[in-house]
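# Understanding the architecture of this molecule
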2 protein chains.
Amino acid sequence: MPGPQLLHAALTRNTGFLISWMGLVSSKHFSERIASIGLTTRMWGVLNVLDAEGPITQGALGAAVNMDPSSMVSTIDELESHGMVERRRHPSDRRAYALHMTEQGRETLARGRELSREAQGELLAPLSEEERAQLRELLLKLAAASGELTSPPA
Amino acid sequence: MPGPQLLHAALTRNTGFLISWMGLVSSKHFSERIASIGLTTRMWGVLNVLDAEGPITQGALGAAVNMDPSSMVSTIDELESHGMVERRRHPSDRRAYALHMTEQGRETLARGRELSREAQGELLAPLSEEERAQLRELLLKLAAASGELTSPPA
DNA sequence: TATTGTTATACTCTATAACTATA
DNA sequence: TATAGTTATAGAGTATAACAATA
C-alpha cells in the first residue's frame, strides 16, 4: 500500500479486518519514528526482550520474539554493528552466545521508548484517556488468547 | 515470525505495538481461512470494494484499496483467472477497463463473508458481546483519523 | 546423534521505472 | 503532454535447507 490512508467503508464491516488495518497503520507509523534512531521493528523487539531477560542465548531470544534462527542472525548483526549488543561467548556452552546489551543499547532503548510514547500518543489521539485504557485492556485479552488461534480448520 | 504465538510481556507495554501484533495475528488467521476458497487478502479487499462501487475503473479501484497500479494488475489477473471478475472495455475511454463482478465472484464473496464472520468469532472469542462492540467503536474512531497520521516529524 | 549459530537460497509482498496505447 | 494499464525489476521481510563447531 502506498501509505495507509482511509479505509473504504466496505472493508469496515469486519472487526478483524479493522484490527489488521490499524495494525498496519500503527506499525508503519511506529517504524518511521524509530528509524530516526537507526532501529527497525525487529531490532526494537529484540532490544526490549533482551533488556527484560538479561544476558540470554540467541536461540532463546529468538523464541521469545517468535523469530526464526536465521532472521535472528541478521538482526543481531545489525544491533552489534551499531554497538547496541555484544555477542559474548556462553560460559559453559561454546556453541552458544550470551547476548549482552551495551550502554549504548540501553541509551537507544530509552530514546526509543520516548519515541514510542510519542507515536502512541499520536495514534491514539482520537481517544479519551478512558477509551485508551479500554482499548488496551481489550487488546490484552485478545493477545493473551492468541496462542490458541491461527490453526486452520480440519 | 513462525506463527504468531504469545507476545512477550516486555512488548506489551505499548498499545501501538499491541495493535500491530494483533493485526498480524488477525490477518494471518483470516488469510488462512479465505485461502480455502482461493482468495488472498488483496483479492478480498478488491472484491468487497468492487461489490460496493459497481463497475469501476482499475485505477479507481486501486485508489480505493490503497494499492499501487502494478499490484492491481496481478490482483485483477488472479481474480479474472478464477472467473470472479471480468475486464470489459470502458465505454468511452479505450485505455481503461470497466471491471465487472461475475456471478461466481458474487458467490465467492458471499462464501467469504461467512468465513470472515467465523474467523472474527474465533478472534474475538475472549470478549463479551459488549466488549466486541466497544472494540469495534474504538477501532473505527482510530481508522477514521488514520489519514492524518504516518508522516514523520520535521 | 542432537543442538547453536551460520550461510545460501528462495519465496512473498510491495514499490519504482520504463513502456504501450490511447486521450 | 498526460493518463490507463502493463511489464520488468528491485527491495524488504521471512522462511527453508544444508553446513561447521560443539555438545
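Remember, it's a predicted structure, so these values are computed and weren't measured experimentally.

What chain A contains, in helices and strands, is six helices and two strands. Each helix and strand of chain A, placed in order from N terminus to C terminus, yields the pattern α-α-α-α-β-β-α-α. In chain A, which comprises 154 residues, the proportion classed as buried is 47%. Put simply, 49% of the contacts in chain A that link residues at least 6 apart link residues at least 24 apart. Looking at chain A as shown, the accessible area adds up to about 7,500 Å², and 53% of this sits on carbon and sulfur atoms. Looking at chain A, you have 16 positive and 19 negative side-chain charges, and the mean spots of the two groups are 3 Å apart.

Let us now look at the packing of helix H2 (residues 41-53) of chain B against helix H5 (residues 103-123) of chain B. All names here are of chain B. One can describe the packing of H2 onto H5 by two numbers: an axis separation of 11 Å at closest approach and a directional angle of 115°. Seen from above, H2 lies across H5 with left-handed handedness. Across the interface between the two elements, Trp 44, Leu 47, Asn 48 and Asp 51 of H2 pack against Gly 105, Leu 109, Gly 112, Arg 113 and Ser 116 of H5.

Moving on, we come to the interface of chain A and chain B. The interface is formed by 67 residues belonging to chain A together with 67 residues belonging to chain B. In total, about 6,100 Å² of surface goes out of reach between chain A and chain B, with carbon and sulfur atoms giving 66% of it. For the interface between chain A and chain B, the tally reads two salt bridges. Counting across the chain A and chain B interface gives 24 residue pairs in polar contact (both at pLDDT 80 or more). Here the side of chain A that touches chain B takes 16 residues from helix H1 (residues 15-35) of chain A, the largest share from any one element. A breakdown of the residues in the side of chain A that touches chain B according to their chemical character gives 34 nonpolar, 23 polar and ten charged.

We now examine the side chain of Thr 108 of chain B. All names here are of chain B. Tracing the chain through its elements places Thr 108 in helix H5. Classification of Thr 108 by relative accessible area gives buried; the value is 9%. Aside from chain neighbours lying at most four places away, what touches Thr 108 is Ile 37, Leu 39 and Met 84.

Below, the discussion takes up the packing of aromatic side chains. Using the criterion set out here, one finds four aromatic pairs over all chains in the structure. On the basis of an interplanar angle of 80° and a centroid distance of 6.5 Å, the ring pair of Phe 30 of chain A and Phe 17 of chain B is categorised as edge-to-face. Of the two residues, Phe 30 of chain A sits in helix H1 while Phe 17 of chain B sits in helix H1 (residues 15-35), which places them in two different chains. Judged by relative accessible area, Phe 17 of chain B falls into the buried class, the value being 14%. Clustering of aromatic rings is evident, with ring pairs tying together Phe 17 of chain A together with Phe 30 and Trp 44 of chain B.

Residue and element names in this part refer to chain A. Located in the positive-phi region is Asn 66, a residue other than glycine, with phi close to 55°. Tracing the backbone shows Asn 66 in the loop between helix H3 (58-64) and helix H4 (69-81). The class for Asn 66 is buried, based on a relative accessible area of 5%.

Time to look at the relation of the copies chain A and chain B. Mapping chain A onto chain B calls for a screw motion: a turn of 180° about the axis and a shift of 0.0 Å along it, with 0.1 Å RMSD after fitting. Here the transformation between the copies is reduced to the relation of a two-fold axis. Considering only C-alpha atoms, the residue of chain A closest to the rotation axis is Gly 23 of chain A, which sits at 2.2 Å. Both copies contact each other with a shared surface, as 100% of the interface residues of chain A are interface residues in chain B too.

What follows is about the confidence of the model for chain A. Taken over all residues, the pLDDT of chain A has a mean of 93, while the share at 70 or more is 94%. Averaged pLDDT values for the elements of chain A fall to 95 in H1 of chain A and rise to 98 in strand E2 (residues 97-101) of chain A.

All right, on to the pattern of salt bridges then. Note that side chains of opposite charge can pair when their charged atoms are close. Residue and element names in this part refer to chain A. Summed over the entire model, instances satisfying the criterion amount to 20 salt bridges over all chains. Taking the shortest distance from any N to any O, the salt bridge between Arg 106 and Glu 103 comes out at 3.5 Å. With Arg 106 and Glu 103 both in helix H5 (residues 103-123) and three residues apart, the pair spans about one turn of that helix. You can call Arg 106 partly exposed: its relative accessible area is 40%.

Here is what the cut-offs are and how they apply
- Residues numbered from 1 in each chain as written.
- Chains lettered and ligands numbered in written order.
- Predicted model: local features only at pLDDT ≥ 70, side-chain atom pairs only at ≥ 80, totals over all residues.
- Heavy atoms only, no water.
- Helix = DSSP H or I, 4+ residues; strand = E, 2+ residues; numbered from the N terminus.
- Buried < 20%, exposed > 50% of the residue type's maximum accessible area, 1.4 Å probe, protein only.
- Contact = heavy atoms within 4.5 Å.
- Areas by Shrake-Rupley, 256 points an atom, 1.4 Å probe, with all protein chains shown as cover.
- Lys, Arg positive; Asp, Glu negative; His and termini not counted.
- Charge placed at Lys NZ, Arg CZ, Asp CG, Glu CD.
- Axes fitted to C-alpha atoms, helices over the stretch in contact; angles between N-to-C directions.
- Left-handed = near helix turned anticlockwise from the far one by under 90°.
- Buried area = accessible area lost by both parts, 1.4 Å probe.
- Salt bridge = Lys/Arg side-chain N within 4 Å of Asp/Glu carboxyl O.
- Polar contact = N/O pair within 3.5 Å; in protein donor to acceptor, adjacent residues only side chain to side chain.
- Nonpolar A, V, L, I, M, F, W, Y, C, P; charged D, E, K, R; others polar.
- Phe/Tyr/Trp six-rings, centres within 6.5 Å; stacked < 30°, edge-to-face > 60°.
- Least-squares fit on C-alpha atoms with pLDDT ≥ 70 in both.
- pLDDT = per-residue confidence, 0-100.

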